[in-house]
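Single-letter residue listing:
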Amino acid sequence: MKQKSITLIGMPMDLGQGRRGVDMGPSAIRYASAQSLLESLGYDVEDLGDLSIPTPESRHQGDPKLKYLNEVRQACENLADAVFDVMKRKRFPVVLGGDHSIAIGTVAGAARHFEKMGVIWYDAHGDLNTGETSPSGNIHGMPLAVSLGIGHPDLVNIGGFAPKVSPENVVIIGARSLDPGERELIKELGIKVFTMHEIDRIGMAGVMEEAIHIVSNGTDGVHLSLDLDGLDPKDAPGVGTPVQGGLTYRESHLAMEMLAEADILTSAEFVEVNPILDRENQTAKVAVALMGSAFGQKIL
């Protein structure tokens, strides 16, 4: 990376999903030595600590189709401002989640710095639901749709502009659990999705070569949104919505290594680490290991 200054932002959000514990994700990732690993790779690392997030018990969930809408909106507004300010200081923001609804804020803050931003969505899910299509009403299943300008206006207009990204600059990698509404939207918008079928057929190297081309073609920034449930549960058991048959530990490292070689990333987030569901902090350790590869760590 040309940019050798990294800023960590903790986002202990668990309002966007239904299983408690993911609010402890940022602490688990820090405990797995994220900062010291990045510093060992030559980066100047600062940690801004955690943004303040209300607990679900202290709030009413409101509309069951958009649970905790007001709280998620405010938290993502605050995160968008924090990310924007970090990038204004010419530093690379790394957001530690927290459930995946935080991506609404991360993408909003990062996209303000670019004319056209690409997004790599590394996830078992599409996160392309809206209040109308979501089976659960959990906003962590909606952030990519929101970033594309689709969904509730309170979420779509965070940061004061919409959409944040265009469908032709988005790639989803690792999808294997898509709701009917998401499938329709993918076809309607022409979003490039590499499901596990494509990854099995052409291999991770082929997938990443094509993905890197798509997100960097005509863009001036690229955001990585990595949900740990993109990996197979045997490698990353501490996630709220595990789906069997996922990406392997080694495939994921190859993906991150190729991103580091391409040197296209301008922001990143690592989300959905849930220590309550984990085994000996294994999933947080995986998150940190992948972070290392994304920032240039090599075997040799």
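Thresholds, definitions, all that
- Residues numbered from 1 in each chain as written.
- Predicted model: local features only at pLDDT ≥ 70, side-chain atom pairs only at ≥ 80, totals over all residues.
- Heavy atoms only, no water.
- Pairing = 2+ DSSP bridges.
- Helix = DSSP H or I, 4+ residues; strand = E, 2+ residues; numbered from the N terminus.
- Axes fitted to C-alpha atoms, helices over the stretch in contact; angles between N-to-C directions.
- Contact = heavy atoms within 4.5 Å.
- 1 Å grid on protein atoms, 1.4 Å probe; cavity = no way out; pocket = protein on both sides within 12 Å on 5 of 7 lines; lining within 4 Å.
- Points joined across faces, edges and corners; volume = space filled by probe spheres on them.
- Left-handed = near helix turned anticlockwise from the far one by under 90°.
- Nonpolar A, V, L, I, M, F, W, Y, C, P; charged D, E, K, R; others polar.
- Phe/Tyr/Trp six-rings, centres within 6.5 Å; stacked < 30°, edge-to-face > 60°.
- Buried < 20%, exposed > 50% of the residue type's maximum accessible area, 1.4 Å probe, protein only.
- Lys NZ or Arg CZ within 6 Å of the ring centre and 35° of its normal.
- Polar contact = N/O pair within 3.5 Å; in protein donor to acceptor, adjacent residues only side chain to side chain.
- Salt bridge = Lys/Arg side-chain N within 4 Å of Asp/Glu carboxyl O.

Asker: Mind showing me how you'd approach the sheet that holds strand β4 (residues 117-122) here?
Answerer: Hydrogen bonds between backbone atoms are what pair the strands of a sheet, whose relative direction is either parallel or antiparallel. Judged by pairing direction, the sheet is parallel, and its eight strands sit side by side in the order β2-β1-β3-β8-β7-β4-β5-β6 without closing on themselves. On the outer flanks of this sheet lie β2 (44-50) and β6 (192-195), each paired with one strand and no other. Pairwise comparison of adjacent strand axes, ignoring direction, gives a mean angle of 15° for this sheet. Note: β4 against strand β5 (residues 170-175), four bridges, orientation parallel. Across the sheet, residue tryptophan 121 finds its bridge partner in β5, namely isoleucine 172. Together, β4 and β7 (221-227) form the strand contacts of helix α9 (residues 249-262), whose direction differs from that of β4 by roughly 165°.

Asker: Which parts of the structure should I look at to understand the environment of glycine 238?
Answerer: Summarising the element assignment, glycine 238 is placed in the loop between β7 and α9. Taking the C-alpha atoms as reference points, glycine 238 and valine 165, separated by 73 residues in sequence, lie 30 Å from one another. Those residues in contact with glycine 238 that sit more than four places away from it in its chain are Glu272, Val273, Asn274, Leu277, Asp278 and Thr283.

Asker: What is the right way to look at the layout of surface pockets in this model?
Answerer: Take a probe with the size of a water molecule and roll it over the atoms, and the empty space left behind shows itself. Approximately 250 Å³ is the volume found for the largest pocket. Lining of the largest pocket is provided by 18 residues; of these, His125, Asn129, His140, Gly141 and Asp179 occupy positions nearest its centre.

Asker: What is the right way to read the packing of helix α3 (residues 69-88) against helix α4 (residues 103-111) from this model?
Answerer: When two helices pack together, their arrangement is given by the angle between their axes and by how far apart the axes lie. Two numbers describe how α3 lies on α4: the axes approach to 7 Å, and their chain directions differ by 35°. Crossing geometry of α3 relative to α4 is assigned as right-handed. In this structure, α3 contributes Cys76, Leu79, Ala80, Val83, Phe84 and Met87 to the contact, and α4 contributes Ile104, Gly105, Thr106, Ala108, Gly109 and Ala110. Broken down by class, the residue content of the contact of α3 with α4 amounts to nine nonpolar, three polar and no charged.

Asker: Sorry, what's going on with the packing of aromatic side chains here?
Answerer: The description of two aromatic rings rests on the distance between their centres and on the angle between their planes. All told, the structure shown has two aromatic pairs when counted by the stated rule. Seen in terms of ring centroids, tyrosine 43 and phenylalanine 295 are 5.6 Å apart; in terms of plane orientation they differ by 80°. Their pairing is edge-to-face. Highlighted residues: tyrosine 43 in the loop between α2 (34-40) and β2 and phenylalanine 295 in the segment after α10 (282-294), separated in sequence by 252 residues. On the basis of relative accessibility, which here comes to 5%, the residue tyrosine 43 falls in the buried class. Between phenylalanine 92 and phenylalanine 295, the ring centres sit 5.0 Å apart and the planes meet at 75°, which makes this aromatic pair edge-to-face. Pair noted here: phenylalanine 92 is in strand β3 (residues 92-97) and phenylalanine 295 is in the segment after α10, with a separation of 203 residues, a long-range link. In this structure, phenylalanine 92 and phenylalanine 295 share a single accessibility class: buried. Connected via pairs of aromatic rings, a cluster forms that spans Tyr43, Phe92 and Phe295. We note lysine 4 situated over the ring of tyrosine 43; from NZ or CZ to the ring centre the distance is 4.1 Å. The cationic tip of lysine 192 hangs over the ring face of phenylalanine 194; the distance from NZ or CZ to the ring centre is 5.0 Å.

Asker: Just checking my understanding: could you explain the side chain of threonine 219 for this structure?
Answerer: Along the chain, the position of threonine 219 falls in the loop between α8 (196-216) and β7. Using a relative accessible area of 17% as the deciding quantity, one classes threonine 219 as buried. Of the polar contacts made by the side chain of threonine 219, one reaches the backbone oxygen of valine 215; its length is 2.6 Å. When residues no more than four places from it in sequence are discounted, the contact partners of threonine 219 are Lys116, Met117, Gly118 and Asn169.

Asker: Hey, could you run me through unusual backbone geometry in this one?
Answerer: Excluding glycine, residues mostly carry a negative phi; peptide bonds, for their part, are mostly trans. Look at the link from glycine 97 to glycine 98: it is a cis peptide, with omega at 15°. Put simply, alanine 162 and proline 163 share a cis peptide bond, and its omega is -10°. Positive phi is not limited to glycine here, since tyrosine 68 has a value of about 60°. If you trace the backbone, tyrosine 68 turns up in the loop between β2 and α3. A positive phi angle, close to 55°, is found at aspartate 263, a residue other than glycine. Secondary-structure assignment places aspartate 263 in the loop between α9 and β8 (267-271).

Asker: What is the right way to look at the pattern of salt bridges in this model?
Answerer: Between side chains of opposite charge, a pair can form as their charged atoms come close. Tallying each qualifying case throughout the model produces 14 salt bridges. A salt bridge links arginine 89 to glutamate 46, with the nearest nitrogen and oxygen atoms 2.5 Å apart. Note that arginine 89 is positioned in the loop between α3 and β3 and glutamate 46 in strand β2, a separation of 43 residues in sequence. One salt bridge in this structure joins arginine 91 and glutamate 46, with 3.3 Å as the shortest N-O distance. Of this pair, arginine 91 sits in the loop between α3 and β3 while glutamate 46 sits in strand β2, and the two are 45 residues apart along the sequence. When its relative accessible area of 10% is taken as the criterion, arginine 91 is described as buried. Within the structure, one salt-bridge network assembled from shared partners comprises Asp14, Arg20, Asp23 and Glu57.

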